[in-house]
Amino acid sequence: MEFLQVKNLSFEYPKRPKKALNNISFSVKKGEFVLLYGASGCGKTTLLQTLMPQIAPGGHLSGSITFNGKDISSSDVGDIGFVSQQPDGQIVTDRVWSELAFGSENLGIKPNITKRRIAEISNYFGMQDWFHKCTYELSGGQKQMLNLASVMVTQPKLLLLDEPTGQLDPVAASEFISTLRKINSQFGVTVVLSEHRIEDIFPYADKI
């Protein structure tokens, strides 16, 4: 059984002359690292958003998406994590530690479990020196790493990333991709990302 399966997926935004997605089909196995690659405006962001019900765009959708053996609309909140292109766009609190806790708390995870996960993830990401910092003091690379770490606290099975290094300098981008690769290989988290900085990703992608 495929972990993620998209069949004959089409999507049309209201009052738009053409479809943003037109009859797309593909499948992803559990633990795969998948790259979405194409020109700007070809529908990569729309596709990624349709794969996460909580942020799916409004419009006419046809076709089917199954995740872990069931329709994606019935997937458990927290099973799918999303990281956007804008480092500031996902941060909602003013402290690093509270940002790490935010998603887990909103899912109703017990405080003792949340604290343990935060300790594990902050150590894994090497965040000890900026754990108590204000989020607005962080660099762009640190903010995007915080976004990824915050998602990982909820222990998702699938990670969706929309050009996550688009606003980062080359050093920060390389570090982010390296961390993402470790998450994929060490934790077995399935990764689907769109990216233009492909030279660091092509050697590792299971599917493009």
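So, how was this worked out
Residues numbered from 1 in each chain as written. Predicted model: local features only at pLDDT ≥ 70, side-chain atom pairs only at ≥ 80, totals over all residues. Heavy atoms only, no water. Axes fitted to C-alpha atoms, helices over the stretch in contact; angles between N-to-C directions. Helix = DSSP H or I, 4+ residues; strand = E, 2+ residues; numbered from the N terminus. Parallel < 35°, antiparallel > 145°, perpendicular 65-115°, else oblique. Left-handed = near helix turned anticlockwise from the far one by under 90°. Contact = heavy atoms within 4.5 Å. pLDDT = per-residue confidence, 0-100. Buried < 20%, exposed > 50% of the residue type's maximum accessible area, 1.4 Å probe, protein only. Pairing = 2+ DSSP bridges. Right-handed = clockwise from strand over helix to strand, strands pointing away. Patch = residues over 30% accessible without salt bridge, like charges linked within 9 Å, V, L, I, M, F, W, Y side chains within 5 Å. Areas by Shrake-Rupley, 256 points an atom, 1.4 Å probe, with all protein chains shown as cover. Salt bridge = Lys/Arg side-chain N within 4 Å of Asp/Glu carboxyl O. Phe/Tyr/Trp six-rings, centres within 6.5 Å; stacked < 30°, edge-to-face > 60°. Lys NZ or Arg CZ within 6 Å of the ring centre and 35° of its normal.

### Side note on the packing of helix H2 (residues 96–106) against helix H4 (residues 140–153)
Here H2 crosses H4 at 40°, and the two axes come no closer than 7 Å. Classed by the angle they form, the pair H2 and H4 counts as oblique. The two elements H2 and H4 cross, and the hand of that crossing is right-handed. Residues Val-96, Glu-99, Leu-100 and Ser-104 of H2 lie in contact with H4, whose contacting residues are Leu-146, Ala-149, Ser-150 and Val-153.

### Some thoughts on the confidence of the model for the chain
Here the chain averages 93 in pLDDT, while 100% of its residues score no lower than 70. Confidence, read as mean pLDDT per element, is least for strand E5 (residues 70–71) in the chain (93) and greatest for strand E7 (residues 158–162) (97).

### Concerning unusual backbone geometry
In this structure, Asn-23 is a non-glycine residue whose phi angle is positive, near 55°. One can find Asn-23 in strand E2 (residues 21–28). At Glu-163, a residue that is not glycine, the phi angle is positive and equals roughly 45°. Structurally, Glu-163 can be placed in the loop between E7 and helix H5 (170–187).

### Overview of the pairing of E7
Counting buried residues in E7 gives five out of five residues, a clear majority hidden from the surface. Every second residue of E7 is oriented toward a common face, with Leu-158, Leu-160 and Asp-162 on one face and Leu-159 and Leu-161 on the other, all of them buried. In terms of strand pairing, strand E6 (residues 80–83) meets E7 through four bridges, oriented parallel. By the bridge assignment, Phe-82 is partnered in E7 with Leu-160. Note that E7 and strand E8 (residues 190–194) share five bridges and pair parallel. Bridged to Leu-159 within E8 is Val-191. Each parallel crossover has a hand, and the one from E7 via H5 to E8 is right-handed.

### Re a nonpolar patch on the surface
On the surface, Tyr-37, Phe-202 and Ile-208 cluster together to form a nonpolar patch covering roughly 340 Å² of accessible area. Here Ile-208 shows up in the segment after E8. Residue Ile-208 is classed as exposed on the basis of its relative accessible area, which comes to 60%.

### With respect to the packing of aromatic side chains
Enumeration according to the criterion identifies five aromatic pairs in this entry. Taking the centre distance of 4.7 Å and the plane angle of 90° together, the rings of Phe-11 and Tyr-13 count as edge-to-face. When its relative accessible area of 2% is taken as the criterion, Phe-11 is described as buried. Through pairs of rings, three or more aromatic residues link up here, namely Tyr-124, Phe-125 and Phe-187. A cation over a ring is seen here: Arg-16 above Tyr-13, with NZ or CZ 5.2 Å from the ring centre. Against the face of Tyr-124 rests Lys-182, its NZ or CZ located 5.4 Å from the ring centre.

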